[in-house]
Each structure stands twice: as C-alpha cells, then as structure tokens.
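# An overview of the molecular structure
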Amino acid sequence: PLLPSVGYDIGADEFTVAGNDAGVWSMTNPTPPFSGGIQTVAFTIKNFGTSTLTAATVGWRVNGVLQTPFAWTGAVPSNGTSASFTAGTYNFLPGTSYAIDAWTSNPNGSTDANIGNDTLHSNVCTAISGTFTVGGVGADFPTLNAAVAALQCGGVSGPVTFNLTQGAGPFNEQVIIPAIPGASAINTIRFNGGAARETVQFTGTTSNERAVFKLNGADHIILDSMTILNNDLTYGFGVHLT
C-alpha cells in the first residue's frame, strides 16, 4: 500500500513506501478437501516494503487459540511473495469448521510500518467420510441441511452415508445440494431412509425453488429408500436435477 504524505505542490500528491512492511499473503495448507487428523499449516509471506525482507515473526491462531509463533527467514524482494513455509501442525477434527488467522510482526527486526496489511483470515473445514445419523436425539446431524452444510464446507475424503434415524420423520425441509468437493464414483454420498422409508417433505411456495431435493451441479448423490413428498400441487417437484 502507498502511504500518503503531505505535499507542498497544489494538485500533486506525494507518496512514500516504508522500508519494512510485511504481511501473511495466503494459506497453502491445508486445502479442502482434507481429512481430519494432524495436518501441516503453511502460509506465504509478502514483502510490501522497499527493503528486501529477510526475517519476520509469524503468529497464528486456530479458532481463537494462539499457536507457537514461527520465526520466518528468507529473502523476499520489494513487492515479492515467498514460497510456502510451514508454521506448525494442528490436529483437525473430522467434519469441523476452523477459523485460522496468521499475521507478521518485527519485519527485519523492526517495527512494521503498516499493521493493516499484516493479517490473513481463512475459514476451512475438514472433509468427512463414513456413516452418520440424521435427525432424532443424539444424531450426528439434526437435519438433512446440516449434513449438506458439512459436505459443502469440507467436501468428502471417502464414501459417505447419512442414515435417517428411523421414526424421526417426517423431515420437513427443502434440501439443495451443490457440487461437493471430493465426490466421485467411489466417494459417493448416500442419503438412506432405511427400512421405514422415512419421509422428506416440503411444500413449495414459489416457482423459483420447486423441489424437495435439488441437485444443483451435484454428482454421485444417492437417494435411497425414502419417501419424497412435495405437498404443493402447483409448484411441486420431488427431485430437480440442474
């Protein structure tokens, strides 16, 4: 960023760029879809100043919890970006969202001239795989939409089955599923109504969203052993593929 200073010529602006000014530019690991467990956490650093950046302290936190700072060293020219470096590791839980912040301080052992460009904020989620329950007391996900939100956030790292809890229905919700990272012919996503063929129902109210289930670019989705009921005779679709 260019920092304006006071100019003496009418109609002219003078700008100065500080010598020591750094910030965290990007997070390069983990990137979705990634499994839960211990993962390296890696970033790149950017030199916003005019002096070659050779050292800085990188602080970082996960969901508000401070992690051990990393002492970065290298050689990044003015307005350049470093290669990825590992700040540390973190044990990520499956199917969980995380807010990760990282920032620089003490560029070249000096005070940072512009703290406004120091910090990077990232939101990531771990991928899920395996079998989960939906609906009812003690289920992994209270609703189908909560299950879809977990899929959207982190994708899948293996086949996934969502078993609708028997007797928990009817599930009164509209379920819109977008493309899910990691889904494939092997890593399928199954919604299973079980022996009771649990009912998922929705009453359409507008012509914009007519379906109980809408697969909006989603692939490798299996709707298995369930009753799909749209109570609206004007707008009602059971399943919409688009």
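These numbers were taken from a predicted model, which means no experiment stands behind them.

Criteria and cut-off values
Residues numbered from 1 in each chain as written. Predicted model: local features only at pLDDT ≥ 70, side-chain atom pairs only at ≥ 80, totals over all residues. Heavy atoms only, no water. Helix = DSSP H or I, 4+ residues; strand = E, 2+ residues; numbered from the N terminus. Rg over C-alpha atoms; globule rule 2.2 N^0.38 Å. Buried < 20%, exposed > 50% of the residue type's maximum accessible area, 1.4 Å probe, protein only. Contact = heavy atoms within 4.5 Å. Areas by Shrake-Rupley, 256 points an atom, 1.4 Å probe, with all protein chains shown as cover. Pairing = 2+ DSSP bridges. Axes fitted to C-alpha atoms, helices over the stretch in contact; angles between N-to-C directions. Core = buried A, V, L, I, M, F, W, Y, C linked by side-chain atoms within 4.5 Å. Phe/Tyr/Trp six-rings, centres within 6.5 Å; stacked < 30°, edge-to-face > 60°. Lys NZ or Arg CZ within 6 Å of the ring centre and 35° of its normal.

So, about the overall build of the chain. What the chain contains, in helices and strands, is one helix and 20 strands. Scaling as 2.2 N^0.38, a compact globule of 242 residues should have a C-alpha radius of gyration of about 18 Å, whereas the chain reaches 25 Å, well beyond that. Across its three principal directions, the C-alpha atoms of the chain cover 75 × 45 × 30 Å. Burial statistics for the chain: of 242 residues in total, 38% are counted as buried. In the chain, the share of contacts with a sequence separation of at least 24, taken over all contacts with a separation of at least 6, comes to 74%. A total accessible area of about 11,900 Å² is found for the chain, and carbon and sulfur atoms account for 53% of it.

The next point concerns the sheet that holds strand β18 (residues 221–224). The strand order across the open sheet formed by four strands is β11-β12-β15-β18, and the pairing between neighbours is parallel. Bordering the open sheet on either side are β11 (128–134) and β18, each of which pairs with just one other strand. Here the strands of the sheet are splayed against their neighbours by 10° on average, with no regard to which way each runs. Pairing analysis gives four bridges linking strand β12 (residues 156–164) to strand β15 (residues 189–192), with the strands arranged parallel. Bridge pairing in β15 links Thr161 to Arg190. Packing against the sheet, helix α1 (residues 144–154) makes contact with β11, β12 and β15, and its axis sits at approximately 180° to β12.

If you look at the biggest cluster of nonpolar residues, it comprises 27 residues, and the most contacted ones within it are Leu144, Phe162, Ile177 and Phe191. If you list the elements that add at least two residues to this core, you get β11, α1, β12, β14 (175–178), β15, β16 (199–202) and β17 (211–216). In terms of residue count, α1 provides more of this core than any other element does, five residues in total. Apart from the residues lying within four places of it in its own chain, the contact partners of Ile177 are Val148, Phe191, Phe213, Lys214, Leu215, Asn216, Ala218 and Ile221. With 22 residues, the next largest nonpolar core counts Val41, Ile45, Leu53 and Tyr98 among its residues.

Here the focus is the sheet that holds strand β20 (residues 237–241). Across the sheet, which stays open at both edges, the three strands sit in the order β14-β17-β20 with parallel pairing between neighbours. For this open sheet the edge positions go to β14 and β20, each flanked by a neighbour on one side alone. Averaged over all adjacent pairs, the angle separating strand axes in this sheet is 5°, with direction ignored. Both β17 and β20 contribute to a ladder of four bridges, which runs parallel. Its bridge partner being in β20, Phe213 is matched across the sheet by Val239.

Moving on, we come to the packing of aromatic side chains. Considering all chains together, one arrives at 12 aromatic pairs under this definition. Note on Tyr90 and Tyr98: the rings are 5.9 Å apart at their centroids and 75° apart in plane angle, and the pair reads as edge-to-face. A residue is classified by how much of its surface remains accessible, and Tyr98, at 4% relative accessible area, is buried. The interplanar angle of 75° and the centroid separation of 5.7 Å between the aromatic rings of Phe141 and Phe162 together place this pair among those described as edge-to-face. Pair noted here: Phe141 is in the loop between β11 and α1 and Phe162 is in strand β12, with a separation of 21 residues, a long-range link. Judged by its relative accessible area of 12%, Phe141 is buried. Put simply, the rings of Phe132, Phe141, Phe162, Phe191 and Phe213 touch in pairs and so form one group of aromatic residues. The cationic tip of Lys46 hangs over the ring face of Phe48; the distance from NZ or CZ to the ring centre is 5.8 Å.

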